[in-house]
Amino acid sequence: MSKLTITWHGHSCFTISADGYDVVLDPYAPGSVPGLGDLSLTADMVLCSHEHSDHGFTDAVRIRTGGAENPFQITKIDTFHDDASGSLRGANRIHILETGGLKAVHLGDLGCMLNAMQIDQLKKPDILLIPVGGYYTISATQAAQVVEKLSPRVTVPMHYRSDTFGYPVISRLEEYISRCNNVIHYDTNVLTVDSSTRPQTAVLTMV
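Residues numbered from 1 in each chain as written. Predicted model: local features only at pLDDT ≥ 70, side-chain atom pairs only at ≥ 80, totals over all residues. Heavy atoms only, no water.

Caption draft 1: Structural detail: the overall build of the chain. What the chain contains, in helices and strands, is three helices and 14 strands. For 207 residues, the compact-globule estimate of 2.2 N^0.38 gives 17 Å, and the chain sits close to it at 16 Å. Considered along the principal axes of its C-alpha atoms, the chain spans approximately 40 × 35 × 35 Å. Buried positions account for 55% of the 207 residues belonging to the chain. Contacts in the chain between residues far apart in sequence, at least 24 positions, make up 56% of those at least 6 positions apart. Of the accessible surface of the chain, which amounts to about 9,200 Å², a share of 46% is contributed by carbon and sulfur atoms. Taking the average place of the 15 positive charges on the side chains of the chain and the average place of its 22 negative ones, the gap between the two points comes to 5 Å. (Helix = DSSP H or I, 4+ residues; strand = E, 2+ residues; numbered from the N terminus. Rg over C-alpha atoms; globule rule 2.2 N^0.38 Å. Buried < 20%, exposed > 50% of the residue type's maximum accessible area, 1.4 Å probe, protein only. Contact = heavy atoms within 4.5 Å. Areas by Shrake-Rupley, 256 points an atom, 1.4 Å probe, with all protein chains shown as cover. Lys, Arg positive; Asp, Glu negative; His and termini not counted. Charge placed at Lys NZ, Arg CZ, Asp CG, Glu CD.)

Put into structure tokens, the structure is as follows:
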């Protein structure tokens, strides 16, 4: 049975793994996210939604050579980091990773609502990694609307504030999950998803 494993490193940084191949998305620079320590990761590929220091610090990832063959079909969708066609914060790139009939979507710092064509490309992912903190990205309310349109099986919120990390100007996780059903809190930062995983909002824990 095919499976995807996601590992949350804080903020919007994840490793998505399948068949021994690891892709890191949106690594952050030292000191760029309050409360989070420095990253030191190893992977086969690194992808960034944009070049801001809290999402585009590729030096945090050592790229291994001679590893497993890339099992992923990767699709990129260009969007905006704000609701003013990028005039405030620039561009944002969504990444879709597909393998073995499973689909993971990382929305990056999505700051605008999706159009009909984008929704059609993104709909019904097995894993949706979505920013929920507002201010720099879509808000908790907008995130809930995006989830309703995309109908993911597993939704993983990211880019929010807690008692120990995150930007003071963005919202806490609770503002988003109060709008959700089937919330499951995990005491780990790792989640494996296959075709039998039940629908849920998965809250991962930094360890």
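Caption draft 2: Highlighting the nonpolar core. Grouped together as the largest cluster of nonpolar side chains are 62 residues, with contacts concentrated most on I6, I16, L107, L122, I130 and V156. Counting residues per element, this core draws most heavily on helix α2 (residues 140-150), which supplies five residues. Ignoring anything within four residues of it in the chain, the contact list for V156 reads I6, F14, I127, L128, L129, I130, A202 and L204. (Core = buried A, V, L, I, M, F, W, Y, C linked by side-chain atoms within 4.5 Å.)

Caption draft 3: Main features of the pairing of strand β9 (residues 102-106). Most of β9 is tucked away, with five of its five residues classed as buried. Side chains L102, A104 and H106 of β9 all project onto a buried face; the interleaved residues K103 and V105 project onto the opposite face, where all are buried too. In the sheet, strand β8 (residues 91-99) pairs with β9 via five bridges, with the strands oriented antiparallel. For I96, the partnering residue across the bridge sits in β9 and is V105. Hairpin remark: β8 followed by β9, antiparallel, with two residues in the connecting loop; positive phi at G100, about 55 degrees. In terms of strand pairing, β9 meets strand β10 (residues 127-131) through three bridges, oriented parallel. Following the sheet pairing, H106 is matched in β10 by L129. (Pairing = 2+ DSSP bridges.)

Caption draft 4: Expanded view of unusual backbone geometry. Of note, the phi angle at K124 is positive, near 55 degrees, even though the residue is not glycine. Relative to the helices and strands, K124 is located in the loop between α1 (116-122) and β10.

Caption draft 5: The arrangement of the packing of aromatic side chains in detail. The full count for this structure, using the stated rule, is seven aromatic pairs. For the pair W8 and Y160, a centre-to-centre distance of 5.9 Å together with 35 degrees between the ring planes defines the contact as tilted. Residue W8 is located in strand β1 (residues 3-10), and its partner Y160 is located in the loop between β11 (154-158) and α3 (173-177); the two are separated by 152 residues in the primary sequence. Y160 sits in the buried class, given a relative accessible area of 5%. Judged by centre distance (6.0 Å) and plane angle (45 degrees), the rings of Y160 and F165 are tilted. (Phe/Tyr/Trp six-rings, centres within 6.5 Å; stacked < 30°, edge-to-face > 60°.)

Caption draft 6: Molecular detail of the sheet that holds strand β2 (residues 13-18). Read across the sheet, five strands follow the order β5-β3-β2-β1-β13 without closing on themselves; strand pairing throughout is mixed. Of all the strands in the sheet, just β5 (45-47) and β13 (190-194) have a single pairing partner and so form its edges. Along the sheet, successive strands turn relative to each other by an average axial angle of 20 degrees, direction set aside. Here three bridges tie strand β3 (residues 21-25) to β5, and the two strands are oriented parallel to one another. Among the inter-strand pairings, V23 is bridged to a residue of β5, identified as M45. (Axes fitted to C-alpha atoms, helices over the stretch in contact; angles between N-to-C directions.)

Caption draft 7: Focus on the pattern of salt bridges. Applying the stated criterion to the full structure yields seven salt bridges. The partner of R153 in a salt bridge is D126, with the nearest N and O atoms 2.6 Å apart. Within this pair, whereas R153 is found in the loop between α2 and β11, its partner D126 is found in the loop between α1 and β10, the two being separated by 27 residues in sequence. Here R153 falls in the buried class, since its relative accessible area comes to 17%. Notably, a salt bridge pairs R172 with E174, separated by 3.2 Å at the nearest N-O pair. (Salt bridge = Lys/Arg side-chain N within 4 Å of Asp/Glu carboxyl O.)

Caption draft 8: Expanded view of the state of the cysteines. All chains considered together, the criterion is met by zero disulfides. For the unlinked cysteine C112, the closest cysteine sulfur is that of C48, found at 19 Å. Overall, the relative accessible area of 12% leaves C112 in the buried class. (Disulfide = S-S within 2.5 Å.)

Such coordinate-based values are descriptive only and should not be taken to indicate function.
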